[in-house]
Structures are given as structure tokens and as C-alpha cells.
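For reference, the chains in residue letters:
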Amino acid sequence: MANTGQLTATVTPSDATNKTIVWSSSNQAVATVDAAGKVTARGVGTATITCKTADGGKTATCAVTVEAEGSYIGAAYIGAAYLIE
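Everything quoted here is computed from the prediction, not taken from an experiment.

Calculation notes
Each chain has its residues counted from 1, running along the sequence as written. Confidence filtering applies because this is a predicted model: local features only for residues at pLDDT of at least 70, side-chain atom pairs given and counted only at 80 or more, and all residues used for totals across whole chains, interfaces and linings. Processing note: side-chain calculations cover all non-hydrogen atoms of the structure and skip hydrogens and water entirely. Each helix is a run of DSSP H or I of at least 4 residues and each strand a run of E of at least 2, with the numbering of both proceeding from the N terminus. Here, a strand pair is defined by DSSP locating no fewer than two bridges between the strands. Helix axes are fitted only over the stretch in contact, all axes being lines through C-alpha atoms; the angle between N-to-C directions runs from 0 to 180 degrees.

The next thing to look at is unusual backbone geometry. Cis geometry marks the peptide bond from Thr-12 to Pro-13; its omega dihedral reads 5 degrees. The residue Pro-13 is located in the loop between strand 2 (8–11) and strand 3 (21–25) in this model.

Written as C-alpha cells, this is what we have:
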């Protein structure tokens, strides 16, 4: 099982001085996420992918459900950060 999807975070305003994003997964046995937002399905279940601004001021989450036949990556908007399928 190696289905992947790409999440993208957009930091606003466009002239923000620090646009660094930190990605994490709540359940790495289900889905992992790399520093560029690439999500890889690892096993059946659910996980929450989180992106956070480096200063911790803004956070967005995306629920990921991995099924036996593949994975689904949804989209979420929280605060000033976007996650796009």
C-alpha cells in the first residue's frame, strides 16, 4: 500500500515574514507526511494531518482515511492556512 496525495499550505498574508510550515501525522501507522506535504498511506485506519506555521500561530488539519483499496485525502480550512487536495 503506497498511495500518496499532495497537500498544500498557503500562508497569508502573502508578505508574511516567516512562511515555514511544519507537517505532522497523528497516526504514522496509517499515514505519514513529509516536509513538503506529501501524504503516504501506510495502513488501514484514520489519521489527522496537521500543518502549523513555524511560530505556532496558525494551524490547519486534514482528516485522512485509508481503506483497504486506497486512500482518501480531504481538504480543510482553518484560520489563515489552507490545505488543498
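A separate point is the sheet that holds strand 5 (residues 38–41). One open sheet accounts for 3 strands, arranged 1-5-4; its pairing is antiparallel. Sheet topology places strand 1 (4–6) and strand 4 (31–33) at the edges, where each strand pairs with a single neighbour. Pairs of neighbouring strands in the sheet enclose a mean axial angle of 20 degrees, with direction left out of account. Where strand 1 and strand 5 come together, 3 bridges link them in antiparallel fashion. The partner of Gln-6 across the bridge, within strand 5, is Lys-38.

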